[in-house]
Amino acid sequence: MKTILIKGTMLNGKVVDVLIKGNKFEDIAPNINAIADEEIDARGTAIIPPFYNGHCHAAMTLLRGYADDLPLDVWLNEHIWPAEDKMVPRDIYVGTRLAVLEMIKSGTVFFNDMYGMVEESIKACEEMGIRAQIGISLMDRMGEKDINGRFEFLHSYRKSELVSLSVAPHAPYTVSKDLFRRCVKEAEKANVMIHTHLSETKKEIDDCMAEHGVSPVELLDSLGILTEKTALAHVVHTSDSDADILAKRKCAIVTNPASNMKLCSGAFKFEQHVSRGSNVIIGTDGTSSNNNLSMIEEMKFAALLSKVNDKPTTAPAEMVFDMATKRGAEAFGINAGEIKVGKLADALLLDLNNERLVPNFNLISNIVYSADSRCIDTVICNGQVLMRGGKVKDEDQIIADAIEISKKFI
């Protein structure tokens, strides 16, 4: 069982050594006397939990900047979906590898995905050593044969150490009641989570009320979608009664502030949900609506956007950091998100001499409000070093492949 000894890093303001054995933190203390397979000189760094991206469309990295500055319905129907219809398996593989590279370099070790051709996404994650929950995306427009095939794959797949699956009906405006009900049954049968978009735009609310006479939250609740094993992306437009339902059902609510601002969807009502005890976490969404996968940026946007229509004390840095780390891991059943003995060995080493972290009156505030990806020196996931000195294995080839593949969309 491989061991890694991290020497002389800062944890909660104290200099410690950190011993990793296998995929867990074995010991954390000053001056650990142990012989390890790998030793990292971490003087001048701080060790912190990495980020867990609650909502993503990884392979959409190939569509970064493809259809900017458009309303959501036009963006999806006239640009994104037609482009995605051209994609073949290798596109998904190459696009996911590019996404994983970007996430590793910005400190993310897990993402909750929703896309097609999931075998390619799984392959990319396993090869690059990152955690993921890969959502089997479902919409009525796919047709019965395709939908049946996706559910067959769901039940044939066996969860690995790094990658699991979820059932991912796209949204109330693309998925019928019957398909939502089937998603509930198939998810229960496979014992996996459900991942969907919900209440993203005012138009979605109005259309749902006109068609069903209830809000999207009320609709999905009536169909059995909302449980403690459900991750809901966006949740921008909610009434107090909607918020009561989500808190009662203990769903994970994933706010995506950059995407919501870019698509003019609106601002997440932070206090409305947090005050009710809902589990609010953070996601980036895909790169064609963000346009990057940096959870560092997303934390800052989440904190600032929550304050705009409320008060300066809303969404404090410590809470937002917790949403991106510990709470994010917990939402997906991952025993990580903290630098503690017995936890899975996921961690970042930050360069405390980076200008964005100087002076260091409050490291968490610096991370949320000031830091960028350049502050991250080392990324560790499941006891494996994925990045050291800012470099990731095969990064030049990953970028070259993506450049070549993206030419088909010009």
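This text follows the structure it describes.
Residues numbered from 1 in each chain as written. Predicted model: local features only at pLDDT ≥ 70, side-chain atom pairs only at ≥ 80, totals over all residues. Heavy atoms only, no water.

Trainee: Lay out the overall build of the protein chain with the relevant residues and their values.
Mentor: Looking only at helices and strands, the protein chain features 15 helices and 17 strands. For a compact globule of 410 residues, the expected C-alpha radius of gyration is about 22 Å, and the protein chain comes in at 21 Å, within 12% of that figure. With the C-alpha coordinates of the protein chain rotated into their principal frame, the extents come out at 65 × 45 × 40 Å. The proportion of buried residues among the 410 residues of the protein chain is 58%. For the protein chain, the exposed surface amounts to about 16700 Å²; the carbon and sulfur share of it is 51%. Measuring between centres, the 46 positive side-chain charges of the protein chain sit 3 Å from its 58 negative side-chain charges. (Helix = DSSP H or I, 4+ residues; strand = E, 2+ residues; numbered from the N terminus. Rg over C-alpha atoms; globule rule 2.2 N^0.38 Å. Buried < 20%, exposed > 50% of the residue type's maximum accessible area, 1.4 Å probe, protein only. Areas by Shrake-Rupley, 256 points an atom, 1.4 Å probe, with all protein chains shown as cover. Lys, Arg positive; Asp, Glu negative; His and termini not counted. Charge placed at Lys NZ, Arg CZ, Asp CG, Glu CD.)

Trainee: Which residues make up the pairing of strand 9 (residues 163-169), and what are the values?
Mentor: Counting buried residues in strand 9 gives seven out of seven residues, a clear majority hidden from the surface. Of the two faces of strand 9, the one lined by Val163, Leu165, Val167 and Pro169 and the one lined by Ser164, Ser166 and Ala168 are each fully buried. Read as a crossover between parallel neighbours, the route from strand 8 (residues 131-138) over helix 4 (residues 144-156) to strand 9 is right-handed. Two elements, strand 9 and strand 10 (residues 193-198), share two bridges in a ladder whose sense is parallel. Bridge pairing links Val167 to Ile194 in strand 10. In this region the chain leaves strand 9, passes through helix 5 (residues 177-190) and returns to the parallel neighbour strand 10; the handedness of that crossover is right-handed. (Right-handed = clockwise from strand over helix to strand, strands pointing away. Pairing = 2+ DSSP bridges.)

Trainee: Talk me through the pattern of salt bridges; I want residue IDs and the actual numbers.
Mentor: Counted according to the given criterion, the structure contains 30 salt bridges. As a salt-bridge pair, Glu395 and Lys105 come within 3.3 Å of each other at their nearest N and O atoms. With a gap of 290 residues between them, Glu395 in helix 15 (residues 395-406) and Lys105 in helix 2 (residues 89-105) connect regions that are remote in the sequence. When its relative accessible area of 11% is taken as the criterion, Glu395 is described as buried. With its nearest N and O atoms 3.5 Å apart, the salt bridge here joins Glu338 to Lys343. Here the residues in one salt-bridge network are Lys326, Glu338, Lys340 and Lys343, joined through shared partners. (Salt bridge = Lys/Arg side-chain N within 4 Å of Asp/Glu carboxyl O.)

Trainee: Give a description of the packing of helix 2 against helix 3 (residues 118-128) that names residues and reports values.
Mentor: Packing of helix 2 against helix 3 leaves a shortest axis separation of 8 Å and a crossing angle of 40°. In terms of orientation, helix 2 lies oblique with respect to helix 3. Once helix 2 is placed against helix 3, the crossing between them reads as right-handed. Residues Pro89, Ile92, Tyr93, Thr96, Arg97, Val100, Leu101 and Ile104 of helix 2 form the contact with helix 3, whose own contacting residues are Glu120, Ser121, Lys123, Ala124, Cys125, Glu127 and Met128. Its residues placed into classes, the contact of helix 2 with helix 3 shows nine nonpolar, two polar and four charged. (Axes fitted to C-alpha atoms, helices over the stretch in contact; angles between N-to-C directions. Parallel < 35°, antiparallel > 145°, perpendicular 65-115°, else oblique. Left-handed = near helix turned anticlockwise from the far one by under 90°. Contact = heavy atoms within 4.5 Å. Nonpolar A, V, L, I, M, F, W, Y, C, P; charged D, E, K, R; others polar.)

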